[in-house]
Amino acid sequence: MSEHVRAELHRTGGFTGRPLSAVADSRTLSPAESARLRQLMSTLDFATLRSTRHPTGGADLFRYDLILTRGDDHWRGTVSQASVPAALQPLLQLLTGIAR
């Protein structure tokens, strides 16, 4: 059985201030979506995410509150649109697409 992964996004801010939320769970997604989520989550280094300071300020910028779970490993954090780590960008795109 494949490792369970889950990603939760709460986006606030931006020019319009319209919030956005999404949850992607490998147990409830279609097989193709589940495989894509696992692939994206496998590229993330949770230790680096934990040890890096992620600025969250900026006028009219989105703020991303994330809760990520991969097996027994977890990361919870907030990043600003201006400081999204490159490794998180594809995951944010996937979650934003799910939320629409």
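Note that this is a predicted model, so its numbers are computed, not measured.

Looking at this structure, how should I read the sheet that holds strand 1 (residues 5-13)?
Hydrogen bonds between backbone groups are what pair the strands of a sheet, and the pairing can be parallel or antiparallel. The strand order across the open sheet formed by 4 strands is 2-1-3-4, and the pairing between neighbours is antiparallel. The open sheet has two edge strands with one neighbour each: strand 2 (20-25) and strand 4 (73-80). Averaged over all pairs of adjacent strands, the angle between their axes in this sheet comes to 10 degrees, without regard to strand direction. One ladder, built from 6 bridges, connects strand 1 with strand 2; its direction is antiparallel. For Ala7, the partnering residue across the bridge sits in strand 2 and is Ala24. Running over the sheet, helix 1 (residues 31-42) touches strand 1, strand 2 and strand 3 (62-70) and is turned about 80 degrees from strand 1. Contacts from helix 3 (residues 89-99) reach strand 1, strand 2 and strand 3, with the element oriented near 105 degrees to strand 2.

Can you walk me through the pattern of salt bridges in this structure?
Side-chain pairs of opposite charge can arise whenever the charged atoms involved come near each other. Tallying each qualifying case throughout the model produces 5 salt bridges. Ionic pairing is found between Arg6 and Asp25, a salt bridge with its closest N-O pair at 3.6 Å. Placement of Arg6 in strand 1 and of Asp25 in strand 2 is noted, with a sequence separation of 19 residues between them. Ionic pairing is found between Asp65 and Arg63, a salt bridge with its closest N-O pair at 3.4 Å. Under the relative-accessibility criterion, Arg63 is labelled partly exposed at 36%. Here the salt bridges do not stand alone but share partners, grouping Arg6, Glu8 and Asp25 into one network.

Reading guide: rules and limits
- Residues numbered from 1 in each chain as written.
- Predicted model: local features only at pLDDT ≥ 70, side-chain atom pairs only at ≥ 80, totals over all residues.
- Heavy atoms only, no water.
- Pairing = 2+ DSSP bridges.
- Helix = DSSP H or I, 4+ residues; strand = E, 2+ residues; numbered from the N terminus.
- Axes fitted to C-alpha atoms, helices over the stretch in contact; angles between N-to-C directions.
- Contact = heavy atoms within 4.5 Å.
- Salt bridge = Lys/Arg side-chain N within 4 Å of Asp/Glu carboxyl O.
- Buried < 20%, exposed > 50% of the residue type's maximum accessible area, 1.4 Å probe, protein only.

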